[in-house]
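Per-entry structural report
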Amino acid sequence: MALFVAYLLVTSAIAASVCPGFVVPAPGDVVRHFGPTGRWSGHWGIDVSAAPGAPVRAIGPGRVTFVGRVVSNRTVTVDHGGAVVTSYSYLGSTSVSRGTVVGRGSPVGTAALHDGRDSFHLSVRIAGTYVDPIRLRRCAGDVSPG
């Protein structure tokens with residue numbers, strides 16, 4: 001229990017320190033929430049409604065570390081420094097390559113259709129641990145329902 005409390009304090013402190021300056025990758029309601037259920041099962045991010053072809057933007061400045069497919073889903077991963085890494089999946093197209101330096105709000109790709117929904121997937125890792133991206137969406141000023 002003490003280890004879990006320490007984890008929460010560390011990730012909350014890191015999230016608070018990186019929060020300023022982040023933007024929402026694309027407007028839209030959360031259509032599937034963060035819900036990990038095991039070591040690799042469950043849902044390790046959020047799905048956000050977005051029309052196919054709508055731009056999906058980096059939440060903050062960083063360097064693209066991965067562009068490719070993960071379980072058949074087109075994905076872009078950005079290392080924002082300071083232990084924060086974001087991934088954007090279910091993309092219809094990508095507009096960056098590995099090594100590209102992106103700015104806050106730079107397009108990384110476009111939304112597509114996944115599981116019958118117009119959406120994209122956003123995951124956030126802080127110090128190597130997945131956290132609920134809704135925290136960073138809220139600190140970026142997003143108050144959309146979902």
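Just so we're clear, the structure is a prediction, and the values are computed from it rather than from any experiment. (Residues numbered from 1 in each chain as written. Predicted model: local features only at pLDDT ≥ 70, side-chain atom pairs only at ≥ 80, totals over all residues. Heavy atoms only, no water.)

**Quick word on the overall build of the protein**
Summing up its helical and strand segments, the protein has two helices and 13 strands in all. Within the span of the protein, comprising 146 residues, buried residues form 41% of the whole. Across the protein, every contact between residues at least 6 apart in sequence was considered, and the portion connecting residues at least 24 apart equals 61%. Carbon and sulfur atoms make up 59% of the accessible area of the protein, which amounts to about 7,300 Å² in all. (Helix = DSSP H or I, 4+ residues; strand = E, 2+ residues; numbered from the N terminus. Buried < 20%, exposed > 50% of the residue type's maximum accessible area, 1.4 Å probe, protein only. Contact = heavy atoms within 4.5 Å. Areas by Shrake-Rupley, 256 points an atom, 1.4 Å probe, with all protein chains shown as cover.)

**Quick look at the nonpolar core**
The biggest cluster of nonpolar side chains holds 25 residues, and the ones touching the most others in it are Val56, Val76, Val78, Tyr88, Val102, Val108 and Phe120. The element that contributes the greatest number of residues to this core is strand β12 (residues 117-126), accounting for four residues. (Core = buried A, V, L, I, M, F, W, Y, C linked by side-chain atoms within 4.5 Å.)

**Let's talk about the pairing of strand β6 (residues 62-70)**
The side chains of a regular strand alternate between both faces of the sheet. In the sheet, β6 pairs with strand β10 (residues 101-102) via two bridges, with the strands oriented antiparallel. Following the sheet pairing, Gly62 is matched in β10 by Val102. Two successive antiparallel strands, β6 and strand β7 (residues 73-79), enclose a turn made up of two residues, where Val71 displays a positive phi of approximately 50°. (Pairing = 2+ DSSP bridges.)

**Description of the side chain of Asp47**
Locating Asp47 in the fold gives a position in strand β4 (residues 46-49). Within the buried core, Asp47 has no salt-bridge partner, and the shortest N-O distance to an opposite charge, that of Arg117, equals 4.5 Å. Of the polar contacts made by the side chain of Asp47, one reaches the side chain of His121; its length is 2.8 Å. Beyond its immediate sequence surroundings of up to four residues, Asp47 is in contact with Asp29, Val30, Val31, Arg32, Tyr90, Arg117, Phe120 and His121. (Lys, Arg positive; Asp, Glu negative; His and termini not counted. Salt bridge = Lys/Arg side-chain N within 4 Å of Asp/Glu carboxyl O. Polar contact = N/O pair within 3.5 Å; in protein donor to acceptor, adjacent residues only side chain to side chain.)

**Some points on the environment of His121**
Relative to the assigned elements, His121 resides in strand β12. Note: C-alpha distance between His121 and Ser89 (32 residues apart in sequence) is 4.8 Å. Residues within four places of His121 in sequence aside, it is in contact with His43, Trp44, Gly45, Ile46, Asp47, Ser87, Tyr88, Ser89 and Tyr90. A distance of 3.4 Å separates the side chain of His121 from the side chain of His43, its partner in a polar contact.

**Some thoughts on unusual backbone geometry**
The residue Ser72 is not glycine, and still its phi comes out positive at about 70°. Non-glycine residue Ala127 carries a positive phi angle of around 55°. Looking at the secondary structure, you find Ala127 in the loop between β12 and β13 (129-131).

**Concerning the side chain of His80**
Checked against the element boundaries, His80 lands in the loop between β7 and β8 (84-89). At a separation of 3.2 Å, a polar atom in the side chain of His80 contacts the main-chain carbonyl oxygen of Gly60. Non-local contacts of His80, meaning those with residues more than four positions away in its chain, are made with Ile59, Gly60, Pro61, Gly62, Val85, Thr86 and Tyr88.

**Description of the confidence of the model for the protein**
Predicted confidence across the protein gives a mean pLDDT of 81, with 78% of residues reaching 70 or more. Model confidence for the protein, summarised as mean pLDDT per element, is weakest for helix α1 (residues 2-18) at 39 and strongest for β10 at 98. Confidence drops under a pLDDT of 50 for residues 1-18, and excluding neighbours within four residues, the segment shows 15 contacts in the predicted structure. Note on residues 142-146: pLDDT is under 50 here. Beyond four places in sequence and across chains, it has nine contacts. (pLDDT = per-residue confidence, 0-100.)

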